[in-house]
Every structure is written in C-alpha cells, then in structure tokens.
Amino acid sequence: MAGRALPGFGLSIGVTLAWLGLIVLIPLAALALKPWELGAAGIWAVLTQERVAAALRLSFGAALLAALASLPVGLLLAWVITRYRFAGRKLLDALVDLPFALPTAVAGLALTALFATNGWFGEPLAAWFGWRIAYTPAGVAVALFFVALPFVVRTVEPVLRDLAADAEEAAATLGATRAQTVLRVILPALAPALLTGFGLGFARAVGEYGSVIFIAGNMPMVSEIAPLLIVVQLEQFNYAAAAAIGLAMLLLSFALLLALAGLRLALRRNAA
Amino acid sequence: MRRPTEDAPWLRALLIGLAVLVAVLVFLAPLAIVFVEALRRGVQPALAALADPDAMAAVRLTLLVAAISVPVNAVGGVAAAWAVAKHDFPGKRLLVVLIELPFSVSPVISGLVYVLLFGAQGYLGPWLREHDIQIIFALPGLVLATVFVTFPFVARTLIPLMQEQGREEEEAAATLGAGGLVTLWRVTLPNVKWALLAGVLLCNARAMGEFGAVSVVSGHVRGQTNTMPLHVEILYNEYMFVGAFAVAALLALLGLLTLGAKALLEWLTARPLRGVA
C-alpha cells in the first residue's frame, strides 16, 4: 500500500466531477427523462412506427454485419503487423489508424466517390457483378466496416504480440501441426480480444453518422439509419420522439455490450 | 530449417499480400480519392474554393471552437487523471467508465442532449429565451457538443501512464512540503508531457473534424454557424464537388498531420499511446 495520502485530492476530484457532471451526466439525464413526456405508450408508438423500426433494424443489422466482417480482416492485419517483418510494415501499421484520424464527413465523401456507379470501385462492381453499393443498404454496411475495422486490429494486436511463444512451441513440440496450433492454441487465446474489438467496433458503428449519410442515399424504409431519423425528428421539433429513438439506441447497444462482457467472462472461466 | 512456430514462406507471402491489398483498398483508396477529386480541375479551383469567404469563415469558426473545447478537456482530463492515478477513493472504477462513456454515444445523440436542455422546446429553453441567451444554433452549442465528443481523449491517454509511474515522486514532493498544485506542475506533468501532448493533439483533431454532433446544434447558417465539416456537406449538397473535396482535403491533411505527430510522440516515449478512439 502507498504511504500517506497525497495532497490535492479535493481540488482534482472537484474539477473532475464538475466537468463530468456538467458536460456528460446532466445532458444524458435529459435524454433519459425527455421521452417520458410521451408516456410509455407514446414511446412504444414512436419506436414501432414502420419507418423508425426499419431504421433501427438497418443501423443495428449493418453495424453487426460490419463488426463481424471486421473480425477475419482485422485478425489478418493484426497477424501480419505483429508476426512478420517486411518493408512497408510500419506504413501498413500507420494506415490502420486512418479511419480514426479522418473526419467522418471526409470519409463519407470519399467512400461515396469510390462506390458511385462511375467510381473506382463502383464502376467495376457494377460492370462485373451488377452490384450497386452506393445509395443502398450495402453502402451503409461498407461505411460501417471502414469505421469498425481499426478497433479489431488495435485490440487484437497487443494480445497477439504478448502471446507467449512457448505455448506455441510446446504445442509444436508435442506434434501439433501448425494448423492445429493456430486453431487450438492461438485462436482461443485471442477470443476475448476479438470479442472486445467486435464490441468496440459495433458500438462505434451503430451510432455512426458522418461516414454513412453521404453513401446511404437515405431512402426512408430502405437506407435510412437511426441517427438520421433523430435529426429528422429534431428538425420537426419532435424533441421527445428524437429522445425516445436516441435512448432506445443507447440502451440497445449497452445491452449488447453487456452481453459481450458476460460472454468474455464465461470464456475466461472456461479457460481457467 | 524453419522453426515449428513459423509460417511457411508461401503462406507468409500470401498473408502479407492480402493485408497489403486490404490496406490499399480500405485505407489508401479513400484517402487518395479525396485529393484526386479536389484537384480534378487543377490546383487553382481547389485553392479558390478554400479562399471563398464562407470557407474562410468556416475555418475560423472551426479553429475557435477547437480553441475553447480542447483546453476544457485538457484541464478536466489532467484533473481526472491526477485524481484517479494518484489517490484512492471508492467509486474509482465507475468514474473511469463514466469518463469513457462519451465514446460509446452516437455523435448525433451527443448533439441531441444539448438540444433537449437548451433548445427552444428544451428544459431550459423558455428561461434562455426570456434572458435572450442563445446556445443552440450558436457558438456555445457548437462548443458544448464538441467538448462532449472529445471528452475522454486526454484523460484516457494520461490515466494508464500516470498509474504506471506510481506515486513515489509525488510522495517525496509532499514530504518536502509541496502542495497539490505545485506537485502536479513540477513533478507529475513533466513526467507525462509527451502523453499529454498526444492526448491534446488527438482531442484537437476530433474537435476540428467532428460532424454529427455539431450538425445537430449548428443550424447551418453559412458564414456564421458553419464549421469546416459542415461546409463540406453544404458544398456537396449544392453539387460544388471540387469545393467540397478541397475543404475535405484540408481536413484530411489535418488528420494525416495528427497521425504523424502521434507516431513521432510514440517514438519519443518509446511506448504505444492509446488509440484515437
């Protein structure tokens, strides 16, 4: 245990609580309170409107899909960055942070230009496969994949780096093939980190706005995301309805994150 | 002979090739197309779009919003990190979770919460109107929304480092009679200066690039409440593509500079700093 208490606790905790309370807690309390002006039945009516339900389905569905797709691709990037030495590795590593550093509106514009029917990706995809990505729900998923991918790479990377080489060596010495070692030793050890990365990527993707609205086309019932619907409700001064959608989104994604945390705990217990 | 824990050369080459392909398609192409589209008609039109009075006003407003928001979160973040890392108190875990909370909140909701408080039909709306104070659709709203979305950056870069460094130096300073502020200024901050700088830079990049949260509280008045990312959207919706991509390219450069600075600071401190989000 450390010695006696250091001075300055009162001031620092005071500043911290004032900062946290004024900026985060009081405003979030307003979000928790406002929907109830509609009553429970009114909130239910808002959330079950066809257009709202469709938007929530799209936001959560596309975010789950994007986070899922990020798992194998993120694992590949993390594996190559941590396990191999080659020219350009540092650059590859730095590029992974790009979605974090690029303002969302810029990413949105760029992805739209790439996937438009005359874009670098959109044109060949349309010509070869007849796929349209921009202005469809697929465009939403593509944008969310861009947003979620770095989270998986950055959570898996440190675990992969620290994974004890002796476990792998032991498995190999005991006659395991490389494939068995990867499947039975490495992947289980990475599972908690993969789950965490999945959760972080999903949480970010489900609320994402700027990267999505340019490429989505925003057709009601088809390619309209839930955050956009909040904006639409606010423009019509339906504050309580906007808050109801916002609160539902927050609670749904917290419930999912909690479930992931439970799963991670169960994994750890199994491993122990 | 190949060690049993190494992958076959062909597999290695295949995986590296795939990873490079992913990086080019997913990360490099979006970055490249921003600059290609901005310079589609040459350098002159792109520069002209940036020199436009509305664009200049957007740049000024973005700088102003960041200049207010970043120091607020720097002071709050240092205070929080100092409290969490150098003191013991009940509820510490909860405090850290709450500090990180804004990262799991949609940007649109981050703007929405302030409209619910300060908007025309918000809880404080009538009182604000009586006293002729405007927060939403004005600078204070833009600043509040920006402070919310950039809230955790400084705290979360500092907390793990300050916890690692322990409390011995601070305890020695306290034994010599130094007060809290002097200890913080003379002992703690010099030990974490590069991490603090990194946190501030990341916070600043997000503050200048934020779109969703400020979009909700801005009102989109050209030349008045339009930040750079919002100006990109307006130009794009008016089919002024060169202008939209020129402003977007400027924002992309800011992001690249921030990444470069972060890499430099990681090299200086010889440790990975916690990621951007």
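Just so we're clear, the structure is a prediction, and the values are computed from it rather than from any experiment. (Residues numbered from 1 in each chain as written. Chains lettered and ligands numbered in written order. Predicted model: local features only at pLDDT ≥ 70, side-chain atom pairs only at ≥ 80, totals over all residues. Heavy atoms only, no water.)

**Q** Would you mind showing me how to read the pattern of salt bridges here?
**A** A side chain of one charge can pair with a side chain of the opposite charge if their charged atoms are brought near each other. Within the structure shown, the criterion is met by 17 salt bridges over all chains. Among the salt bridges present, the one from A:Asp97 reaches B:Lys262, with a minimum N-O distance of 3.0 Å. Here B:Lys262 lies in helix H14 (residues 241-269) and A:Asp97 lies in the loop between helix H4 (89-96) and helix H5 (98-101), a pairing that spans two chains. The class for A:Asp97 is buried, based on a relative accessible area of 7%. A salt bridge links A:Arg204 to A:Glu208; the nearest nitrogen and oxygen atoms lie 3.4 Å apart. Look at A:Arg204 and you get buried, because its relative accessible area is 15%. For A:Glu208, a relative accessible area of 2% corresponds to the buried category. Overlapping salt bridges, with partners in common, bring together A:Asp93, A:Asp97, A:Arg154, A:Glu157, A:Arg161, B:Lys262 and B:Glu266 in one network. (Salt bridge = Lys/Arg side-chain N within 4 Å of Asp/Glu carboxyl O. Helix = DSSP H or I, 4+ residues; strand = E, 2+ residues; numbered from the N terminus. Buried < 20%, exposed > 50% of the residue type's maximum accessible area, 1.4 Å probe, protein only.)

**Q** Sorry, what's going on with empty space enclosed by the protein here?
**A** Any empty space left between atoms is shown by rolling a water-sized probe over those atoms. Evaluated as defined, the whole model comprises six cavities of 30 Å³ or more. Put simply, the largest cavity is a space of about 200 Å³. Those elements giving two or more residues to the lining of the largest cavity turn out to be H5 of chain A together with helix H11 (193-209) and H14 of chain B. Each residue belonging to the lining of the largest cavity can be placed in one class, and the counts come to 13 nonpolar, four polar and three charged. (1 Å grid on protein atoms, 1.4 Å probe; cavity = no way out; pocket = protein on both sides within 12 Å on 5 of 7 lines; lining within 4 Å. Points joined across faces, edges and corners; volume = space filled by probe spheres on them. Nonpolar A, V, L, I, M, F, W, Y, C, P; charged D, E, K, R; others polar.)

**Q** Hey, could you run me through the layout of surface pockets in this one?
**A** Quantified by volume, the second largest pocket comes out at close to 840 Å³. For the second largest pocket, the lining is made up of 35 residues, of which B:Phe137, B:Ser215, B:Val216, B:Gly219 and B:His220 are closest to its centre. Where the lining of the second largest pocket is concerned, the elements lending two or more residues are helix H11 (210-216) and helix H12 (226-235) of chain A together with helix H5 (107-118), helix H6 (125-130), helix H12 (212-218) and helix H13 (228-237) of chain B. If one sorts the elements of the lining of the second largest pocket by residue count, H12(A) sits on top with five residues. Here the residues of the lining of the second largest pocket sort into 22 nonpolar, nine polar and four charged.

**Q** Honestly, the packing of aromatic side chains in this entry has me stumped. Any pointers?
**A** Aromatic ring pairs: the centre-centre distance and the angle between the two ring planes describe each pair. One pass over the structure, following the stated rule, counts 16 aromatic pairs over all chains. Both rings, one in A:Phe60 and one in A:Phe202, keep their centres 6.0 Å apart while their planes meet at 50 degrees; by these two values the pair is tilted. Placement of the pair is A:Phe60 in helix H3 (residues 50-83) and A:Phe202 in helix H10 (residues 178-207), with a sequence separation of 142 residues. Residue A:Phe60 shares its accessibility class with A:Phe202, and that shared class is buried. Members of the aromatic cluster, joined through ring pairs, are A:Tyr209, A:Phe214, B:Phe211, B:Tyr236, B:Tyr239 and B:Phe241. The ring of B:Tyr123 is capped by A:Lys34, whose NZ or CZ atom sits 4.8 Å from the centre of that ring. When the ring centre of A:Trp79 is taken as origin, the NZ or CZ atom of A:Arg83, which lies over that ring, is 4.9 Å away. (Phe/Tyr/Trp six-rings, centres within 6.5 Å; stacked < 30°, edge-to-face > 60°. Lys NZ or Arg CZ within 6 Å of the ring centre and 35° of its normal.)

**Q** Help me understand the interface of chain B and chain A, please; the structure alone is not making it clear to me.
**A** By convention, interface size is frequently given as the accessible area that disappears when the constituent parts associate. Listed as interface residues are 93 residues of chain B and, on the opposing side, 85 residues of chain A. Here chain B packs against chain A, burying approximately 7600 Å² in sum over the two surfaces, 80% of which is carbon and sulfur. The interface formed by chain B and chain A contains 12 residue pairs in polar contact (both at pLDDT 80 or more). With 19 residues, the top contributor of residues to the side of chain B that touches chain A is helix H1 (residues 9-38) of chain B. Here the side of chain B that touches chain A is composed, by residue class, of 65 nonpolar, 17 polar and 11 charged. (Contact = heavy atoms within 4.5 Å. Buried area = accessible area lost by both parts, 1.4 Å probe. Polar contact = N/O pair within 3.5 Å; in protein donor to acceptor, adjacent residues only side chain to side chain.)

**Q** I keep staring at the side chain of B:Asn226 and nothing clicks. Help me out?
**A** Within the secondary structure, B:Asn226 sits in the loop between H12 and H13. If we ignore the near neighbours within four places in the chain, the residues touching B:Asn226 are B:Ala58, B:Leu61, B:His220, B:Val221, B:His231 and B:Ile234.

**Q** Help me out: how do you make sense of a nonpolar patch on the surface in this one?
**A** All names here are of chain B. A surface patch of nonpolar side chains, about 720 Å² in accessible area, is lined by Trp-10, Leu-14, Leu-18, Val-20, Leu-21, Val-24, Leu-25 and Leu-28. Counting through the fold element by element, Leu-25 comes out in helix H1. A relative accessible area of 39% means that Leu-25 is categorised as partly exposed. (Patch = residues over 30% accessible without salt bridge, like charges linked within 9 Å, V, L, I, M, F, W, Y side chains within 5 Å. Areas by Shrake-Rupley, 256 points an atom, 1.4 Å probe, with all protein chains shown as cover.)

**Q** Can you walk me through the packing of helix H1 (residues 9-33) of chain A against helix H7 (residues 139-149) of chain B in this structure?
**A** For any two helices packed against each other, the geometry comes down to the angle between their axes and how far apart the axes lie. Direction vectors running N to C along H1(A) and H7(B) enclose 100 degrees, while the axes themselves pass 9 Å from each other. The angle between H1(A) and H7(B) falls in the class roughly perpendicular. Judged by residue contacts, A:Ile23, A:Val24 and A:Leu28 of H1(A) engage B:Leu144, B:Val147 and B:Phe148 from H7(B). Of the residues assigned to the contact of H1(A) with H7(B), the class counts are six nonpolar, no polar and no charged. (Axes fitted to C-alpha atoms, helices over the stretch in contact; angles between N-to-C directions. Parallel < 35°, antiparallel > 145°, perpendicular 65-115°, else oblique.)

**Q** Sorry, what's going on with the packing of helix H3 (residues 53-86) of chain B against H7(B) here?
**A** Residues and elements named next belong to chain B. At a closest axis distance of 9 Å, the pairing of H3 and H7 adopts a crossing angle of 50 degrees. Classified by the angle their axes make, H3 and H7 are oblique. Crossing of H3 over H7 shows right-handed handedness. In this structure, H3 contributes Leu-61, Leu-64, Val-65, Ile-68, Ser-69, Val-72 and Asn-73 to the contact, and H7 contributes Leu-139, Leu-142, Val-143, Thr-146 and Val-147. (Left-handed = near helix turned anticlockwise from the far one by under 90°.)

The values reported here are purely geometric and, on their own, carry no functional implication.
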